[in-house]
Amino acid sequence: TRLEALNPRVRTILAMNDLDYLEKQGRLGPIKNMREKAPTIIPAIHMKDGILQPLTIFQDEEDLVKKMTALAKKVGEQNETGDIFLTHINHHNASKAIYDTLNNCNSYDAKIHYYEAGSILGVYSGPKTICLSYIGNFDPKWLS
């Protein structure tokens, strides 16, 4: 019963270098028009009801770090469990900045799991991907 109640509140936010790997896997779906609008940006997507949805676009690496660290502060406040997951694929500097922010705003002493992502995520998202997962509230405006 507890897991069923938490399931709709599971949040997975991905920032990836491009959409090439998702396209190769045939998984663009509703995010397809992100590529058509701006093919050279850094897209961010999230899962909603098990489907990848467009979230926002980062203009460059600096914009990604700025907005993802701001999101990390909100995640630290909104996380409802004792765990936050931050994984990356060859994106050490940006993910470290996000990790440091999570540690600094972790007022609830959540365990922050910080890892290099595995091959499954890599196959779908490609290099220079950051994935932030937690259970709690989420508002896409937090990335604005």
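Residues numbered from 1 in each chain as written. Predicted model: local features only at pLDDT ≥ 70, side-chain atom pairs only at ≥ 80, totals over all residues. Heavy atoms only, no water.

K.L.:
It is not clear to me how the packing of aromatic side chains should be interpreted in this structure. Could you clarify?
P.N.:
The relative placement of two aromatic rings is captured by the distance of their centres and the angle of their planes. Following the criterion strictly, the structure yields two aromatic pairs and no others. Taken together, a centroid distance of 4.4 Å and an interplanar angle of 15° make the contact between Tyr99 and Tyr114 stacked. Pair noted here: Tyr99 is in helix H5 (residues 92-104) and Tyr114 is in strand E5 (residues 111-116), with a separation of 15 residues, a long-range link. Owing to a relative accessible area of 21%, Tyr99 belongs among the partly exposed residues under this scheme. Given a relative accessible area of 25%, Tyr114 falls into the partly exposed group. (Phe/Tyr/Trp six-rings, centres within 6.5 Å; stacked < 30°, edge-to-face > 60°. Helix = DSSP H or I, 4+ residues; strand = E, 2+ residues; numbered from the N terminus. Buried < 20%, exposed > 50% of the residue type's maximum accessible area, 1.4 Å probe, protein only.)

K.L.:
I'm lost on the sheet that holds strand E6 (residues 129-135) in this one. Help?
P.N.:
The pairing of strands in a sheet happens through backbone hydrogen bonds and is either parallel or antiparallel. Here six strands make up an open sheet; going across it, the order is E3-E2-E1-E6-E4-E5 and the pairing mixed. Only two strands of the sheet have a single partner each, and these edge strands are strand E3 (51-58) and E5. Within this sheet the neighbouring strands show an average axis-to-axis angle of 20°, counted without direction. As judged from the three bridges shared by strand E1 (residues 10-15) and strand E2 (residues 42-48), these two strands associate in the antiparallel manner. Directly across from Ile13, in E2, lies its bridge partner His46. Relative to the sheet, H5 contacts strand E4 (83-89), E5 and E6, its axis offset from that of E5 by approximately 175°. (Pairing = 2+ DSSP bridges. Axes fitted to C-alpha atoms, helices over the stretch in contact; angles between N-to-C directions. Contact = heavy atoms within 4.5 Å.)

K.L.:
Please explain the environment of Ser119 as it appears in this structure.
P.N.:
Structurally, Ser119 is set in helix H6 (residues 119-125). As a C-alpha pair, Ser119 and Ile89 span 30 residues in sequence and 9.2 Å in three-dimensional space.

K.L.:
Just checking my understanding: could you explain the environment of Arg9 for this structure?
P.N.:
Turning to its location among the elements, Arg9 is positioned in the loop between helix H1 (2-6) and E1. You can call Arg9 partly exposed: its relative accessible area is 24%. Between the alpha carbons of Arg9 and Asn79 there is a distance of 9.8 Å; along the sequence they are 70 residues apart. Discounting chain neighbours no more than four positions away, the residues touching Arg9 are Glu80, Tyr134, Ile135, Gly136 and Asn137. A distance of 2.6 Å separates the side chain of Arg9 from the side chain of Asn137, its partner in a polar contact. (Polar contact = N/O pair within 3.5 Å; in protein donor to acceptor, adjacent residues only side chain to side chain.)

K.L.:
Looking at this model, I keep getting lost on H5. Mind explaining?
P.N.:
Given 3.6 residues per turn, any residue in an α-helix points the same way as the ones three and four places further on. The terminal C-alpha atoms of H5, which comprises 13 residues, lie 18 Å apart, in line with the 18 Å expected from a rise of 1.5 Å per residue. By the burial criterion, the buried members of H5 are Ala94, Ser95, Ile98, Thr101 and Leu102. Each buried residue of H5 lies within a common arc of 120° when the element is viewed along its axis, so the set occupies one face. Among the exposed residues of H5, those oriented more than 90 degrees off its buried face are Asn93 and Asn104. (Expected span 1.5 Å × (residues − 1). Arc of directions from axis to C-beta.)

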